[in-house]
Amino acid sequence: PILSRRLAQEQALGYMMEHIRSGMVIPALVSHLEPFGAFVDVGCGVASMIGIENISVSRIPHPKCRFSPGQEILAAVLDVDRSRRRIYLTHKELLGTWAQNAAAFQAGQTVTGIVRSKKDYGLFIELAPNLSGLAEPRAGLEEGDAVSVYIKSILPQKQKIKLIVLKKLDRALLAQPPIQYFETEGHLQSWQYGPSDPLTLF
């Protein structure tokens, strides 16, 4: 028998073009990372990409903050361009809404986080890929630093979490937690991060 990788990929892509629909949750394998997004294999070598803005709600400087080559992940089909034979993916919708993520925390807890943004009025600290809180400014901290924080309050009606930075941690000693998916199969009809946000339709 004569085997053709390219023919197999063309057949797989043809099948996907016929059967894949927006909103479907599918497995993917991270192949390589670029500053603008993560390239993934969605089966039989068929390539797609998840733009950095679609990886998580919490903004990250590079996809390597979330993924590594060879990692198995889930993704949702954002769009299918059948004329150009391309599949566009997203990831953040599988990581839960504000309420789903906030439910894992409570006021009075001490947890770890990552400084994602510095503003004059405070530090935005990522508690989970789809959840950040705000702490008062603190000298000596930069974006990407790991910190220990005290949860001062959680305000569901405002979708806000107030934090107090306790100390800076050694980022090298902070293990990357496994991805927690709130959606793992089926078809997403819509997604809304919080009550005040516009609905994302697939």
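Calculation criteria
Residues numbered from 1 in each chain as written. Predicted model: local features only at pLDDT ≥ 70, side-chain atom pairs only at ≥ 80, totals over all residues. Heavy atoms only, no water. Pairing = 2+ DSSP bridges. Helix = DSSP H or I, 4+ residues; strand = E, 2+ residues; numbered from the N terminus. Axes fitted to C-alpha atoms, helices over the stretch in contact; angles between N-to-C directions. Core = buried A, V, L, I, M, F, W, Y, C linked by side-chain atoms within 4.5 Å. Buried < 20%, exposed > 50% of the residue type's maximum accessible area, 1.4 Å probe, protein only. Contact = heavy atoms within 4.5 Å. Salt bridge = Lys/Arg side-chain N within 4 Å of Asp/Glu carboxyl O.

### Examining the sheet that holds strand S2 (residues 37–41)
One closed barrel holds the five strands; their spatial order is S1-S2-S3-S5-S4, and the pairing between them is mixed. Put simply, the sheet's adjacent strands are angled 50° from each other on average, direction ignored. Taken together, the two bridges between strand S3 (residues 47–51) and strand S5 (residues 86–90) define a ladder with parallel strand orientation. Within S5, the residue paired with Ile50 across the bridge is Leu89.

### What to know about the nonpolar core
Counting 32 residues, the largest nonpolar core has Val40, Val42, Ile73, Ile87 and Leu89 as its most contacted members. Broken down by element, this core gets its largest block of residues, six residues, from strand S4 (residues 72–81). With near-sequence residues (within four places) excluded, Val42 lies in contact with Met16, Ile26, Pro27, Ala28, Ser48 and Leu89. Listed in part, the 20 residues of the second largest apolar core include Phe105, Leu123, Leu127 and Leu163.

### Observations regarding unusual backbone geometry
Of note in the backbone geometry, Arg85 takes a positive phi value of approximately 55° without being a glycine. For Arg85, the location among the structural elements is in the loop between S4 and S5. Positive phi, normally seen in glycine, also occurs at Gln159, with a value near 50°. The residue Gln159 is located in the loop between strand S9 (146–155) and strand S10 (160–169) in this model.

### Describing the pattern of salt bridges
Summed over the entire model, instances satisfying the criterion amount to four salt bridges. The closest approach of N and O atoms between Glu126 and Arg66, which form a salt bridge, is 2.7 Å. In this pair, Glu126 sits in strand S7 (residues 122–128) while Arg66 sits in the loop between S3 and S4, placing the two residues 60 residues apart along the sequence. Each member of the pair, Glu126 as well as Arg66, carries the same accessibility label: buried. In this structure, the salt-bridge partner of Arg116 is Glu126, at a minimum N-O distance of 2.7 Å. In this pair, Arg116 is assigned in strand S6 (residues 110–119) and Glu126 in strand S7, connecting sequence segments ten residues apart. Residues participating in the shared-partner salt-bridge network are Arg66, Arg116 and Glu126.

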